[in-house]
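These are the residues of each chain, in order.
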Amino acid sequence: MKIINKYILDELKGPIILAVFVFTFIFLLDIVVTMMEHIIVKGISVFDVLRLLSFYIPPILTQTIPIGMFLGIMICFTKFSRNSESVAMVSTGMSIRDILKPILAIAIGASIFIIFLQESIIPRSFIKLKYVGAKIAYENPVFQLKEKTFIDNLDEYSIYVDEVDSDGKAKNIIAFEKPEDKSKFPMVLTGEEAFWKDNSIILKESQFISFNEKGKKNLVGTFDEKRVVLTAYFQDLNIKIKDVEALSIIDLIKGLKRVEATEAIRYKIEIFRKLALVFSTVPLAVIGFCLSLGHHRISKKYSFILAMIIIFAYIIFLNIGIVMATAGKLNPFIATWTPNVLLYLLGYKLYKAKEVRGI
């Protein structure tokens, strides 16, 4: 029996990993498209984009692992049924419960891994994401260029951008130098066009204006090209997590005591949502096993379609519940756990039916 269990585990690895990869890629697709814009239009390096993408993966994995495992189990046991391997397992004396044991082991392992991601990896990923994003924005401000806006998170200057063309170049720029003495008026730099290179802003057709203590023009000058060096200071950068989704369950529970009632609802929703994802692996594993085991005529295509229907139904119900809970129309626990309860009921019913009917 140990040999068969090992065989089942070995056969499950490939389909589950592939399914998780596919779902993760689908979830990342929108982010990838946005990042491609930054690469092509705004000149962000591919390496920096890949670093940013890597920090998005852990929170996405907490959602794709349960559904990927479910699809992988269905694919694997559909193959077993078509090849009559499941019948052979039963003929050796294995019961439905025995065959289910390695699947439950994978499901429990997946739950533990999701907890690890939620409690340890995701908070760090969000910190790294903000850090790298801030660093890119500082070293290459075109990353955050928007028309009619101020860029005010630079140490030496506040920059106003009037227009941004299709090439990512800024037009009609005004830069205000931040004086160390706050009582003094800032020097103003203007430029008809600007672009960024080597941590510097290059102003074309530039003019500078300085003011005296009374706010009157003191000195005016013009340049064909003016380079303004922007020095980054990230050694002492201390980023604190504020996004609820980035907080661990422990931090969310602690935060409940410090936030107002309206904000506490968001915290409760996130706590129950995270727990719901953790405990969704077991019923999904059982459902995938029961639906695919013994159906000799079911093809991979129909197995995939059936899996997609269940997966999307679960995601839709969960999101509807979260929206209703956020609006205050539903208790956060009921909103986030109703889909899980339905999964457990469906899994139990299918398992009992499979025990009675056999393979």
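- The chain is annotated in an unreviewed UniProt entry as Permease of Fusobacterium nucleatum subsp. polymorphum.
- Note on the chain: under the UniProt heading Subcellular location (unreviewed entry), the record states "Cell membrane".

**Quick look at the UniProt feature "transmembrane region" (unreviewed entry) in the chain**
At step 1: Those places that UniProt annotates as "transmembrane region" (unreviewed entry) correspond, in this numbering, to residues 12-36, 56-78, 99-117, 275-293, 305-327 and 333-351.
At step 2: In this annotation, residues 305-327 is assigned 96% helix and 0% strand; the end-to-end C-alpha distance for the span is 33 Å.

**Considerations on the packing of aromatic side chains**
Each pair of aromatic rings is reported with the distance of its centres and the angle of its planes.
At step 1: Scanning the entire structure with this criterion turns up seven aromatic pairs.
At step 2: Ring geometry for Phe-77 against Phe-80: centres 5.0 Å apart, planes inclined by 75°, an arrangement best described as edge-to-face. A residue pair is termed a helical-turn pair when its members lie 3 or 4 positions apart in one helix, as Phe-77 and Phe-80 do in helix 2 (residues 46-82) at three residues.
At step 3: A residue is classified by how much of its surface remains accessible, and Phe-80, at 0% relative accessible area, is buried.

**Observations concerning the nonpolar core**
At step 1: Within the largest apolar cluster, 32 residues are counted, with the highest numbers of intra-cluster contacts made by Ile-8, Leu-12, Ile-73, Phe-77, Ile-103 and Phe-289.
At step 2: Broken down by secondary-structure element, the contributors of at least two residues to this core are helix 1 (2-40), helix 2, helix 4 (96-139) and helix 7 (281-292).
At step 3: The biggest single contributor to this core is helix 4, with 10 residues.
At step 4: If near-sequence neighbours (up to four positions away) are discounted, Phe-77 is found in contact with Ile-8, Leu-12, Ile-99, Ile-103, Phe-289, Ser-292 and Leu-293.
At step 5: One finds Phe-23, Ile-269, Ile-310 and Ile-322 within the second-largest nonpolar core, a separate group that totals 21 residues.

**A few points about helix 2**
At step 1: Taking 1.5 Å of rise per residue, the 37 residues of helix 2 would be expected to cover 54 Å, yet its terminal C-alpha atoms sit only 44 Å apart, more than 12% below that figure.
At step 2: Considering bend angle alone, the principal kink of helix 2 is centred on Ile-60 and spans about 45°.
At step 3: Among the 37 residues that make up helix 2, 26 are buried, leaving the element largely enclosed by the rest of the structure.
At step 4: One or two residues past the end of helix 2 sits Ser-84, with phi positive at roughly 60°.

**So, the pattern of salt bridges**
At step 1: Under the defined criterion, the tally for this structure stands at 10 salt bridges.
At step 2: With a shortest N-O distance of 2.7 Å, Arg-266 and Glu-263 are connected by a salt bridge. In this pair, Arg-266 and Glu-263 are both assigned in helix 6 (residues 261-278), three residues apart and thus about one turn of the helix distant.
At step 3: Classification of Arg-266 by relative accessible area gives partly exposed; the value is 40%.

**With respect to a nonpolar patch on the surface**
At step 1: On the surface, Leu-18, Phe-21, Val-22, Phe-25, Ile-26, Phe-27, Leu-29 and Val-33 cluster together into a nonpolar patch covering about 760 Å² of accessible area.
At step 2: The topology assignment puts Phe-21 in helix 1.

**Here's the deal with the confidence of the model for the chain**
At step 1: Scored by pLDDT, the chain comes out at a mean of 81, with 82% of its residues at no less than 70.
At step 2: This model gives residues 232-241 a pLDDT under 50, and the stretch forms 15 contacts once residues within four places in sequence are excluded.

**Focus: helix 6**
At step 1: Counted at 1.5 Å a residue, the expected span for helix 6 with its 18 residues is 26 Å, and the 26 Å between its end C-alpha atoms agrees.
At step 2: Among all positions in helix 6, only Ala-264, Tyr-267, Ile-269, Glu-270, Ile-271, Arg-273, Lys-274, Ala-276, Leu-277 and Val-278 are buried.

**Section: the packing of helix 2 against helix 7**
At step 1: Close contact between helix 2 and helix 7 brings their axes to 8 Å; oriented N to C, the two are set at 20°. Considered as vectors, helix 2 and helix 7 are oriented roughly parallel to each other. Of the two elements, helix 2 crosses helix 7, and the hand of that crossing is right-handed. Within the contact between the two elements, helix 2 uses Pro-66, Ile-67, Met-69, Phe-70, Ile-73, Met-74, Phe-77, Thr-78 and Ser-81 and helix 7 uses Thr-281, Leu-284, Ala-285, Ile-287, Gly-288, Phe-289, Leu-291 and Ser-292.
At step 2: For the contact of helix 2 with helix 7, a count of residues per class yields 12 nonpolar, five polar and no charged.

Analysis parameters
- Residues numbered from 1 in each chain as written.
- Predicted model: local features only at pLDDT ≥ 70, side-chain atom pairs only at ≥ 80, totals over all residues.
- Heavy atoms only, no water.
- UniProt positions renumbered as here; feature names shortened; annotations may be inferred.
- Helix = DSSP H or I, 4+ residues; strand = E, 2+ residues; numbered from the N terminus.
- Phe/Tyr/Trp six-rings, centres within 6.5 Å; stacked < 30°, edge-to-face > 60°.
- Buried < 20%, exposed > 50% of the residue type's maximum accessible area, 1.4 Å probe, protein only.
- Core = buried A, V, L, I, M, F, W, Y, C linked by side-chain atoms within 4.5 Å.
- Contact = heavy atoms within 4.5 Å.
- Expected span 1.5 Å × (residues − 1).
- Bend = angle between axes of the 7 residues up to and from the residue.
- Salt bridge = Lys/Arg side-chain N within 4 Å of Asp/Glu carboxyl O.
- Patch = residues over 30% accessible without salt bridge, like charges linked within 9 Å, V, L, I, M, F, W, Y side chains within 5 Å.
- Areas by Shrake-Rupley, 256 points an atom, 1.4 Å probe, with all protein chains shown as cover.
- pLDDT = per-residue confidence, 0-100.
- Axes fitted to C-alpha atoms, helices over the stretch in contact; angles between N-to-C directions.
- Parallel < 35°, antiparallel > 145°, perpendicular 65-115°, else oblique.
- Left-handed = near helix turned anticlockwise from the far one by under 90°.
- Nonpolar A, V, L, I, M, F, W, Y, C, P; charged D, E, K, R; others polar.

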